[in-house]
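# Residue-level structure breakdown
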Amino acid sequence: MSSRLTGDETALWKAAARVLDANWTGTSTAASPGLYPHQWSWDSAFISMGLARHRRDRAEAELLSLFRGQWADGMLPHIVFNTSLARHAFFPGPELWRSERQPGAPRGVLTSGLTQPPLHALTALRLHECAPDRESSRAFLARLYPMLAAQHRYLARCRDVGSSGLVAICHPWESGLDNSPAWDRPLAALRLPPSAYAPAQRPHTLPTGEDYDRYVRLVALLRDAGYHPGYLRDAHPFVVEDPLVNAVYLASTHALAEIAGIVGADPVPHLECAGRVHHAILDRLWDADTGCFRPRDLRDDRLLPVVTVGAFGPLLDPELPAPIVRNLVDLLLSARFAGAAGYPVPTCDIQAPAFDRGGYWRGPTWISTNWLVWYGALGHDLPVVADLLYGATMRLVRQSGFREFFDPFDGTGRGSHDYAWSAALVLDLLG
Ligand code: 2M8
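Note that the coordinates shown come from a computational prediction; the quantities given were computed from them, not determined experimentally.

The number of helices and strands found in the protein is 16 helices and nine strands. Projected onto the principal axes, the alpha-carbon positions of the protein cover approximately 60 × 50 × 45 Å. Residues counted as buried form 62% of the 431 residues belonging to the protein. Excluding contacts between residues fewer than 6 apart, the proportion of contacts in the protein whose partners are at least 24 apart in sequence is 70%. Carbon together with sulfur atoms contributes 52% to the accessible area of the protein, which is approximately 15700 Å² in total. Put simply, the protein has 40 plus and 45 minus side-chain charges, and the middle of one group is 4 Å from the middle of the other.

Let us now look at the sheet that holds strand E6 (residues 296-297). Strand order in the open sheet formed by three strands is E3-E6-E7, and the pairing between neighbours is antiparallel. Only two strands of the sheet have a single partner each, and these edge strands are strand E3 (240-241) and strand E7 (302-303). Of the pairings in the sheet, the one linking E6 to E7 comprises two bridges and is antiparallel in character. Along E7, the bridge assignment pairs Asp297 with Arg302.

Between Phe91 and the following residue, Pro92, the backbone shows a cis peptide bond with an omega angle of 0°. Inspection of the secondary structure assignment puts Pro92 in the loop between strand E2 (79-80) and helix H4 (94-97). Omega for the peptide link from Pro344 to Val345 comes to 5°, which places this bond in the cis form. One can find Val345 in the loop between helix H13 (322-333) and helix H14 (367-379). The phi angle at Asp418 is positive, at roughly 50°, despite the residue not being glycine. Inspection of the secondary structure puts Asp418 in the loop between strand E9 (413-414) and helix H16 (420-430). Accessibility expressed as a relative area gives 39% for Asp418, which makes it partly exposed.

Bringing the site of the ligand into the picture now. The local shell around the ligand holds 17 residues, among which Asp43, His78, Gly176, Asp178 and Tyr419 are the closest. Asp43 places a polar side-chain atom, nitrogen or oxygen, 2.5 Å from an oxygen atom of the ligand. Within the contact set of the ligand, an oxygen atom lies 2.6 Å away from a side-chain nitrogen or oxygen of Tyr419. Coverage of the ligand by the protein chains reaches 99% of its 420 Å² of free accessible surface.

This part takes up the confidence of the model for the protein. For the protein, per-residue confidence averages 95 on the pLDDT scale, and residues scoring 70 or more make up 97% of the total. Looking at the elements of the protein, mean pLDDT is at its lowest for helix H9 (residues 209-224), recorded as 91, and at its highest for helix H11 (residues 243-263), recorded as 99.

So, on to the side chain of Thr393. In this fold, Thr393 is placed in helix H15 (residues 383-400). A polar side-chain atom of Thr393 sits 2.6 Å from the main-chain carbonyl oxygen of Leu389. When sequence neighbours within four positions are dropped, the list of residues in contact with Thr393 reads Ile367, Asn370 and Leu429.

Ranked by internal contacts, the top residues of the largest apolar core, which has 143 residues, are Phe46, Phe293, Phe312, Leu372 and Trp421. With 11 residues, the top contributor of residues to this core is H11. With near-sequence residues (within four places) excluded, Trp421 lies in contact with Trp42, Asp43, Phe46, Ile47, Trp361, Trp366, Ile367 and Ser368. Grouped together as the second largest cluster of nonpolar side chains are six residues, Cys348, Ile350, Ala352 and Phe355 included.

Now for the packing of helix H2 (residues 41-51) against helix H5 (residues 120-129). Running from amino to carboxyl end, H2 crosses H5 at an angle of 10°, the nearest separation of the two axes being 9 Å. Classified by the angle between their axes, H2 and H5 sit roughly parallel to one another. On H5, the residues that touch Ser41, Trp42, Ala45, Ser48 and Met49 of H2 are His120, Thr123, Arg126 and Leu127. For the contact of H2 with H5, the per-class residue count stands at four nonpolar, four polar and one charged.

Now for the pattern of salt bridges. Scanning all chains against the criterion turns up 19 salt bridges. We note a salt bridge from Asp428 to Arg53, for which the minimum N-O separation is 3.4 Å. Taken together, the residues Asp428 in helix H16 and Arg53 in the loop between H2 and helix H3 (56-67) connect sequence positions 375 residues apart. When its relative accessible area of 2% is taken as the criterion, Asp428 is described as buried. Its relative accessible area of 21% is what places Arg53 among the partly exposed residues. The partner of Arg56 in a salt bridge is Glu60, with the nearest N and O atoms 3.3 Å apart. Taken together, the positions of Arg56 and Glu60, both in helix H3 and four residues apart, correspond to about one turn of that helix.

The next subject is H11. The end-to-end C-alpha distance of H11 is 30 Å, a good match for the 30 Å that 21 residues give at a rise of 1.5 Å each. Among the 21 residues that make up H11, 16 are buried, leaving the element largely enclosed by the rest of the structure. Where H11 begins, the side chain of Asp242 points an oxygen toward the backbone nitrogen of Leu244, at a separation of 3.3 Å. Gly264, located one to two residues past H11, shows a positive phi value of around 85°.

As a further point, take the packing of H3 against H5. In a packed pair of helices, the relevant descriptors are the angle between the two axes and the axis-to-axis distance. At a closest axis distance of 11 Å, the pairing of H3 and H5 adopts a crossing angle of 160°. As the angle between them shows, H3 and H5 are arranged roughly antiparallel. In this structure, H3 meets H5 at a crossing whose hand is left-handed. Counted together, Arg56, Ala59, Glu60, Leu63, Leu66 and Phe67 of H3 and His120, Thr123, Leu127 and His128 of H5 form the full contact between these two elements.

How each quantity is defined
Residues numbered from 1 in each chain as written. Predicted model: local features only at pLDDT ≥ 70, side-chain atom pairs only at ≥ 80, totals over all residues. Heavy atoms only, no water. Helix = DSSP H or I, 4+ residues; strand = E, 2+ residues; numbered from the N terminus. Buried < 20%, exposed > 50% of the residue type's maximum accessible area, 1.4 Å probe, protein only. Contact = heavy atoms within 4.5 Å. Areas by Shrake-Rupley, 256 points an atom, 1.4 Å probe, with all protein chains shown as cover. Lys, Arg positive; Asp, Glu negative; His and termini not counted. Charge placed at Lys NZ, Arg CZ, Asp CG, Glu CD. Pairing = 2+ DSSP bridges. Near = heavy atom within 4 Å. Polar contact = N/O pair within 3.5 Å; in protein donor to acceptor, adjacent residues only side chain to side chain. pLDDT = per-residue confidence, 0-100. Core = buried A, V, L, I, M, F, W, Y, C linked by side-chain atoms within 4.5 Å. Axes fitted to C-alpha atoms, helices over the stretch in contact; angles between N-to-C directions. Parallel < 35°, antiparallel > 145°, perpendicular 65-115°, else oblique. Nonpolar A, V, L, I, M, F, W, Y, C, P; charged D, E, K, R; others polar. Salt bridge = Lys/Arg side-chain N within 4 Å of Asp/Glu carboxyl O. Expected span 1.5 Å × (residues − 1). Left-handed = near helix turned anticlockwise from the far one by under 90°.

Shown next, in the form of structure tokens:
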């Protein structure tokens with residue numbers, strides 16, 4: 001803990017550290033003890049950044065534990081299951097994914113078959129930047145580098161479905177912003193078989209009903225095709241290039257180049273990849289007519305209509321042209337986002353018909369997306385935006401605790417309690 005914290009900040013720091021201690025399973029961190037008892041991929045990346053400020057040993061163990069789940073082709077799954085828990089601790093559990101039947105899945109570890117925003121190289125570099133012992137941190141990076149490089153190779157080889165340089169997601173869960181209104185249109189186009197999937201085990205706080213049937217249907221299609229990249233490219237009905245996922249991919253690709261330099265590997269291929277992704281984000285996802293970034297649906301080659309917090313993801317691109325940065329700042333501060341929300345950033349444009357202040361990823365403020373926009377704003381030397389997000393995030397957790405998400409107007413906490421990334425990112429922000 002930094003010695004320059006005020007008394008109030010020290011209390012917050014200790015409360016956040018207590019959440020991470022309580023959620024620690026011995027080898028990794030449960031995203032949230034009641035609701036999400038397993039290890040989620042991008043949660044782990046955020047959590048590791050917080051652990052780095054509290055329990056350095058656990059920050060490294062967290063990432064290594066996640067990479068135990070990496071598939072032979074480099075795919076880093078979005079869930080690594082804790083098999084010591086009861087079979088129905090969470091739905092969908094291993095029985096939906098059937099990773100054990102996939103030749104490329106690791107033996108002895110049960111995982112999902114989807115991935116999530118690839119934040120991990122950025123996390124690894126952040127761990128290095130705040131490491132007390134640079135030598136041992138370098139050794140850790142050298143151990144992790146081949147796994148990170150394999151993860152990025154998988155994304156470039158198997159997920160560049162549009163041959164554009166961008167990675168495509170094949171399920172809303174891969175975006176991390178699960179129920180975002182951005183996915184309403186491609187989901188509505190999905191035909192469901194007559195037998196609906198109705199998982200009775202799904203906790204009541206999580207989405208159910210027809211949307212949920214569509215999520216499960218998409219998984220079943222992927223699984224039955226053996227999670228094969230050819231199926232994904234040619235036939236899967238949900239294939240989208242998302243600005244937030246690709247901006248995270250780009251930031252991590254830059255981080256990977258830096259890590260390569262630190263561990264004595266060649267950074268050039270990563271820098272070349274970063275150049276391609278930078279251009280493709282601008283060429284394919286920037287909508288000049290409305291002055292924002294939107295996801296592109298590859299099945300009908302159209303940009304999706306709803307503007308969400310994902311529009312600000314490309315602030316993570318260090319080379320984002322200044323006029324576009326200004327456009328994004330104007331949009332962020334307008335009445336569509338921070339201008340009308342006491343506790344920004346709402347996850348959906350407040351003026352969009354789909355906006356729902358309490359709906360899961362359909363309006364509320366989340367600490368993870370706030371952190372990403374804060375980090376992007378710092379990179380572009382936007383202290384007003386960075387301070388706004390820092391202040392709003394601190395007010396949220398002071399007022400409502402380490403909740404999963406928050407009402408953007410009055411800051412009421414929603415979803416699960418003791419949510420690990422909310423606590424971890426507060427530790428990172430406090431420094
Ligand atoms: C939520 O996602 C899971 C699906 O994997 C769910 O709805 O069951 C999302 O908020 C996602 O971003 C997050 O990683 C996960 C665990 O916190 O929960």
